[in-house]
Amino acid sequence: MADVVLGVIGGSGVYDIDGLSDKRWVRVETPFGDPSDELLTGTLDGQKLVFLPRHGRGHRIPPSELNFRANIHALKQLGVTDILSVSAVGSLKAELPPGTFVVIDQFIDRTFARTKSFFGTGLVAHVALGHPVCNRLGDLIEEALTELDIPYRRRGTYMVMEGPQFSTIAESELYRSWGCDVIGMTNMPEAKLAREAEMCYATVAMVTDFDCWHPDHDHVTVDAVIKVVVANAGNARSLVSRLAPKVAGREGACSQGCHTALDNAIMTAPGHRDPEMLKRLDVIVKRVLG
Ligand SMILES: CSC[C@H]1O[C@H](OP(=O)(O)O)[C@H](O)[C@@H]1O
Ligand SMILES: Nc1ncnc2[nH]cnc12
């Protein structure tokens, strides 16, 4: 089993990370193009950590233009085994007010303008996604949130919309009728690609607004989102600091199988695999194809 390296993908308002020693921003090239920015490497409380600002420093890249494959590939190249995704989300439930952290366990992917797989013609794979996030990592996140006394909810369904515009009231009500808890624009295909790359992935969604459905609250604006993110930045920082040593202390391969997701996933017969694809996907498939 590879050494544990914690990856943190910072969402809106989270473009840096505190308290790292041996801090270094590194440029990583991938066969899929450039990640959102350089990646920040370092050590936090004895745990190796790699941080990537999802939208780049200065928030340059909108959700539909994020190079999700390059981002996940770059983290994989730097040895990341477990990814904590930190995301700002709108609430679709009255009982999830701004400031609440939700440890996501399900997604509904309604995005339509994104490349969603590392695989393709010449090397076809179908990974399981029934449990799209890692529950072992989710347990550690929950432990950290409990110890820090941060208001949180374990489990919730994150509706992933294409954006960049926020929803109409009719859309927001539709997602509410589906039982979704929160809404955002970024966690798919990120979570799917992390699974294909055999990395544990878990999302802490920070509720920043009531989207546009709540009769007693203003409709979401960027200003309102950033205000809540800034007000909760301390909690997000404490969560990462508290989580790092817990991740360092976890033992063995993921019992849910995140680290072996490709074991029964590749469909293309050995003699029909495209050598170019195999080369391009080397970092992703070398454990399973040698
Ligand atoms: C500034 S609000 C919209 C923006 O924030 C969320 O991004 P992230 O998950 O990276 O925090 C949301 O999905 C939108 O991309
Ligand atoms: N209401 C909302 N809809 C989509 N993405 C969001 N990110 C934060 N709030 C959001």
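Residues numbered from 1 in each chain as written. Chains lettered and ligands numbered in written order. Predicted model: local features only at pLDDT ≥ 70, side-chain atom pairs only at ≥ 80, totals over all residues. Heavy atoms only, no water.

Draft legend 1. Region of the structure containing the site of ligand 1. The full set of residues close to ligand 1 is Gly11, Ser12, Arg54, His55, Pro63, Ser87, Ala88, Phe166, Gly184, Met185, Thr186 and Val225. Separating an oxygen atom of ligand 1 from a backbone N or O atom of Ala88 is a distance of 2.9 Å. A distance of 2.6 Å is found between an oxygen atom of ligand 1 and a backbone nitrogen or oxygen belonging to Met185. Out of a free accessible area of 390 Å², ligand 1 has 91% covered by protein chains. (Near = heavy atom within 4 Å. Polar contact = N/O pair within 3.5 Å; in protein donor to acceptor, adjacent residues only side chain to side chain. Areas by Shrake-Rupley, 256 points an atom, 1.4 Å probe, with all protein chains shown as cover.)

Draft legend 2. Quick peek at the UniProt feature "binding site: phosphate" (unreviewed entry) in the chain. UniProt marks Ser12, Arg54, His55, Ser87, Ala88 and Thr186 with the feature "binding site: phosphate" (unreviewed entry), using the numbering shown here. Over a stretch of 175 residues, the named residues converge on one spot in the fold, their C-alpha atoms separated by at most 12.2 Å. Among the residues examined, His55 registers a relative accessible area of 3% and is labelled buried. The residues contacting His55, other than those within four sequence positions of it, are Gly11, Ser12, Ser36, Arg60, Ile61, Pro63, Leu66 and Thr186. Since its relative accessible area comes to 3%, Ser87 is described here as buried. The residues touching Ser87, leaving out its near neighbours within four places in the chain, are Arg54, Tyr158, Thr186, Asn187, Val204, Ala205 and Met206. Here the side chain of Ser87 touches Asn187 through a polar contact of 2.9 Å, side chain to side chain. (UniProt positions renumbered as here; feature names shortened; annotations may be inferred. Buried < 20%, exposed > 50% of the residue type's maximum accessible area, 1.4 Å probe, protein only. Contact = heavy atoms within 4.5 Å.)

Draft legend 3. Expanded view of the site of ligand 2. Taken together, 13 residues lie near ligand 2, and Ala88, Val89, Gly90, Asp209 and Asp211 sit nearest. Note that a nitrogen atom of ligand 2 is positioned 3.3 Å from one of the backbone N or O atoms of Ala88. Within the contact set of ligand 2, a nitrogen atom lies 2.7 Å away from a side-chain nitrogen or oxygen of Asp209. With the chains in place, 94% of the 260 Å² that ligand 2 exposes on its own is no longer accessible.

Draft legend 4. Representation of the confidence of the model for the chain. Taken over all residues, the pLDDT of the chain has a mean of 96, while the share at 70 or more is 99%. In the predicted complex, the global pTM is 0.98; the interface-specific ipTM is 0.99. (pLDDT = per-residue confidence, 0-100.)

Draft legend 5. Representation of a nonpolar patch on the surface. A cluster of nonpolar side chains, namely Phe166, Val222, Ile226 and Val230, defines an oily patch on the protein surface of about 350 Å² accessible area. Within the fold, Ile226 resides in helix α5 (residues 222-231). (Patch = residues over 30% accessible without salt bridge, like charges linked within 9 Å, V, L, I, M, F, W, Y side chains within 5 Å. Salt bridge = Lys/Arg side-chain N within 4 Å of Asp/Glu carboxyl O. Helix = DSSP H or I, 4+ residues; strand = E, 2+ residues; numbered from the N terminus.)

Draft legend 6. Molecular detail of the packing of helix α2 (residues 135-148) against helix α6 (residues 233-249). Running from N to C, α2 and α6 point in directions that differ by 130°, and their axes come no closer than 9 Å. Between α2 and α6, the interaxial angle falls into the category oblique. In terms of crossing hand, the pair formed by α2 and α6 is right-handed. On α6, the residues touching Leu137, Leu140, Ile141, Glu143, Ala144, Leu145, Glu147 and Leu148 of α2 are Ser238, Leu239, Arg242, Leu243, Lys246 and Val247. Tallied by class, residues from the contact of α2 with α6 come to 9 nonpolar, 1 polar and 4 charged. (Axes fitted to C-alpha atoms, helices over the stretch in contact; angles between N-to-C directions. Parallel < 35°, antiparallel > 145°, perpendicular 65-115°, else oblique. Left-handed = near helix turned anticlockwise from the far one by under 90°. Nonpolar A, V, L, I, M, F, W, Y, C, P; charged D, E, K, R; others polar.)

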